[in-house]
Amino acid sequence: MTAPAFEEFEPARDCGCPGCVHRRRPRTRQPPCRPAHLPARRGMVVVAAVSAALGVVTPAAALPAGHPPHRQAVPGDGPDTPQGAEAPLHGPDSGSTRPGGVLTPRTTRNAIIKRAKSWVTAKVPYSMGRYWTDGYRQDCSGYVSMAWGLNSNQWTGSLAKYGVKIKKSQLQPGDMLLFHNTANPQNGSHVVIFGGWTDSAHTHYKVYEQTPPHTRSQTTPYPYWSNAGKYVPYRYKGLATGSAGAEATGGKTSPEFPGADSFGLGAVNAYVTELGRMLLARGAAPYYPKGPGPAWSEADRRATEAFQRAQGWDDEEADGLPGPRTWDLLTSGRGRDIAPDAAEPASHGVPGYPGKGYFRPGQSNDYVTRLGVQLTRKGFGRFYGDGPGPRWGEADRQAVAAFQRGQGWRGGAADGSVGPETWRRLFS
């Protein structure tokens, strides 16, 4: 005999089957640590057995194969629908905690994607009424509420007010794609986080979504597998910079800075390619004999440094690594272009200076090793007990300071920090 299937469910208000009637009966006492205004804990019913006896077709059976229903919690005072309404976050004891702070807390795209990935890694089970340890409901709208960092749990009927409607061409990682079926919210309504395009034709993208049996991320056809004409892209209103979109501000906006970790040694992503393209338009063509690409290279660093120096920035600011200021100037078209006479890669055989960020406590990379090896060749190897290595340490700083004093530098000029001139002299 086949074992019956079990499923947690909230009893429908207009269903007359024995199971739903039983679950709707008022309870004589509230479970501990649960406020009286919250829905009662779900029970377990034998769906297959009850359905067979009564001839009832379950919602799951009525849907096409491969398209499980996206169910959400039923609030005690919400609409008569399986979709959850606005609700507070829930603490570790399952008690509600009132939302605090502003309605749209400031956040970044990197933070949104990082939060979205955290549920994917944890494989958070889908549930229309349970709450994860962070206080968010374990359904699709609770997931987006979590990823956007909202102070409450929202549903597909309310999430739009936290975003600004954008076009497909404006989509960036961290935006959402929302389908809310106003006629029947329980039929197909769903919301996902956009993770970036996976092809140049923009026909597929990486999705982050909460769906049975647990949170997942995969390549998905745009805008979604079903209801293709009904999904609407939105951008979160609380993005830290340039995030509201042209429709909200009434003017031209620049793409938001993706974060420092998108650039530098080992970075491979579409932002590196976009950086190269913008630099080419500002006079950096001599630095790109093969054109820009997604893998960070010395060409990207030197072209970025040339653009920064064109703005009159000093060695500390012109480190060859794009920050928010550099990115804003490039995306907005402001600032000075790279002068033709400054665009020649004049390294004269000297390895390109990677920037001060590579020579700080806690950093570990090939540039530190190369620096130590060169210092040893120059006669400053006595500071290395076990020889130079990839992790920046006090031995590196002392060796650099000794080299700088050997150049006749004193005071702050011989502090052991690696600037462009120290690097040039060391390798010349």
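Here, residues in each chain are numbered from 1, in the same order as that chain's written sequence. Selection of residues for local features in this predicted model requires a pLDDT of at least 70, selection of side-chain atom pairs for listing and counting requires 80 or more, and totals for whole chains, interfaces and linings are taken over all residues. Side-chain figures throughout are based on the complete set of non-hydrogen atoms in the structure, without hydrogens or water.

- The name that an unreviewed UniProt entry assigns to the protein chain is NlpC/P60 domain-containing protein, with the source organism given as Streptomyces murinus.

1. Some remarks on the packing of helix α7 (residues 270-281) against helix α9 (residues 324-332)
So, point 1. Running from amino to carboxyl end, α7 crosses α9 at an angle of 60 degrees, the nearest separation of the two axes being 10 Å. In terms of their interaxial angle, α7 and α9 are classed as oblique. Here α7 and α9 pass one another in a crossing that is left-handed. Where α7 approaches α9, its residues Y271, E274, L275, M278 and L279 are matched on the opposing element by W327, L330 and T331. The axes are straight lines fitted to the C-alpha atoms, using for helices just the contacting stretch, and the angles between their N-to-C directions are given from 0 to 180°. Helical segments are the DSSP runs of H or I of at least four residues, strand segments are the runs of E of at least two, and each set is numbered from the N terminus. Angles are sorted into four bins: roughly parallel if under 35 degrees, roughly antiparallel if over 145, roughly perpendicular if 65 to 115, and oblique for all others. Note on convention: the crossing is left-handed when the near helix lies turned anticlockwise from the far helix by less than a right angle, right-handed when the turn is clockwise. It only takes one pair of heavy atoms within 4.5 Å for two residues to be counted as in contact.

2. Considerations on the packing of aromatic side chains
So, point 1. What counts as a ring pair is set by centres within 6.5 Å for rings of Phe, Tyr and Trp (its six-membered ring), and what kind of pair is set by the plane angle: stacked under 30 degrees, edge-to-face over 60, tilted for all other angles. For the structure shown, the criterion picks out 20 aromatic pairs.
So, point 2. On the basis of an interplanar angle of 40 degrees and a centroid distance of 5.6 Å, the ring pair of F359 and W423 is categorised as tilted. In this pair, F359 sits in the loop between α9 and α10 (366-377) while W423 sits in helix α12 (residues 420-427), placing the two residues 64 residues apart along the sequence.
So, point 3. Here's how the labels work: a residue is buried when its accessible area is under 20% of the maximum for its type, exposed when over 50%, partly exposed in between, all with a 1.4 Å probe on protein chains only. Overall, the relative accessible area of 1% leaves W423 in the buried class.
So, point 4. The structure contains a cluster of three or more aromatic residues connected by ring pairs, namely Y358, F359, Y367, W392, W423 and F427.
So, point 5. To sit over a ring, a charge needs its Lys NZ or Arg CZ within 6 Å of the ring centre and within 35 degrees of the ring normal. Directly above the aromatic system of W313 lies the positively charged group of R325, at a separation of 4.3 Å from the ring centroid.

3. With respect to the pairing of strand β8 (residues 204-209)
So, point 1. Strands qualify as paired when DSSP identifies two bridges or more between them. Judged from the three bridges that link them, strand β7 (residues 190-197) and β8 form a sheet pairing that is antiparallel. Counterpart to I193 in the pairing with β8 is Y208.
So, point 2. Between β7 and β8, which follow one another and run antiparallel, lie six residues, and H202 among them has a positive phi close to 60 degrees.
So, point 3. Bridge count for β8 against strand β9 (residues 216-221) is six bridges, and the pairing is antiparallel. Bridge pairing links K206 to T219 in β9.
So, point 4. Where β8 folds back onto β9 in an antiparallel hairpin, the turn is made up of six residues.

4. Observations regarding unusual backbone geometry
So, point 1. Across the junction of P212 and P213, the peptide omega takes the value 5 degrees, indicating a cis bond.
So, point 2. Here P213 shows up in the loop between β8 and β9.
So, point 3. A cis amide bond, omega 0 degrees, links Y222 with the succeeding residue P223.
So, point 4. For P223, the location among the structural elements is in the loop between β9 and β10 (232-236).
So, point 5. Of note, K123 is a non-glycine position whose phi angle comes to about 50 degrees, a positive value.
So, point 6. What makes K123 exposed here is its relative accessible area of 52%.
So, point 7. For N227, which is not glycine, the phi torsion reads 50 degrees and is therefore positive.

5. Quick look at the sheet that holds strand β6 (residues 176-179)
So, point 1. Pairing in this open sheet of six strands is antiparallel, and the strands run β5-β10-β6-β7-β8-β9 from one edge to the other. Two strands lie at the open edges of the sheet, namely β5 (163-165) and β9, each paired on one side alone. Strand-to-strand twist across the sheet, computed as the mean angle between neighbouring axes with direction ignored, equals 40 degrees.
So, point 2. Packing against the sheet, helix α4 (residues 109-122) makes contact with β7, β8, β9 and β10, and its axis sits at approximately 65 degrees to β8.
So, point 3. Strands β6, β7 and β8 of the sheet are contacted by helix α5 (residues 140-147), whose axis makes an angle of about 50 degrees with β7.

6. Describing the packing of α4 against α5
So, point 1. Relative to each other, α4 and α5 sit at 135 degrees, their axes nearing to 8 Å. In terms of orientation, α4 lies oblique with respect to α5. Listed contacts from α5 to I112, R115, A116, W119 and V120 of α4 are Y143, M146 and A147.
So, point 2. Residues are sorted three ways: Asp, Glu, Lys and Arg are charged, Ala, Val, Leu, Ile, Met, Phe, Trp, Tyr, Cys and Pro are nonpolar, and all the rest, Gly among them, are polar. Residues belonging to the contact of α4 with α5 are distributed by class as follows: seven nonpolar, no polar and one charged.

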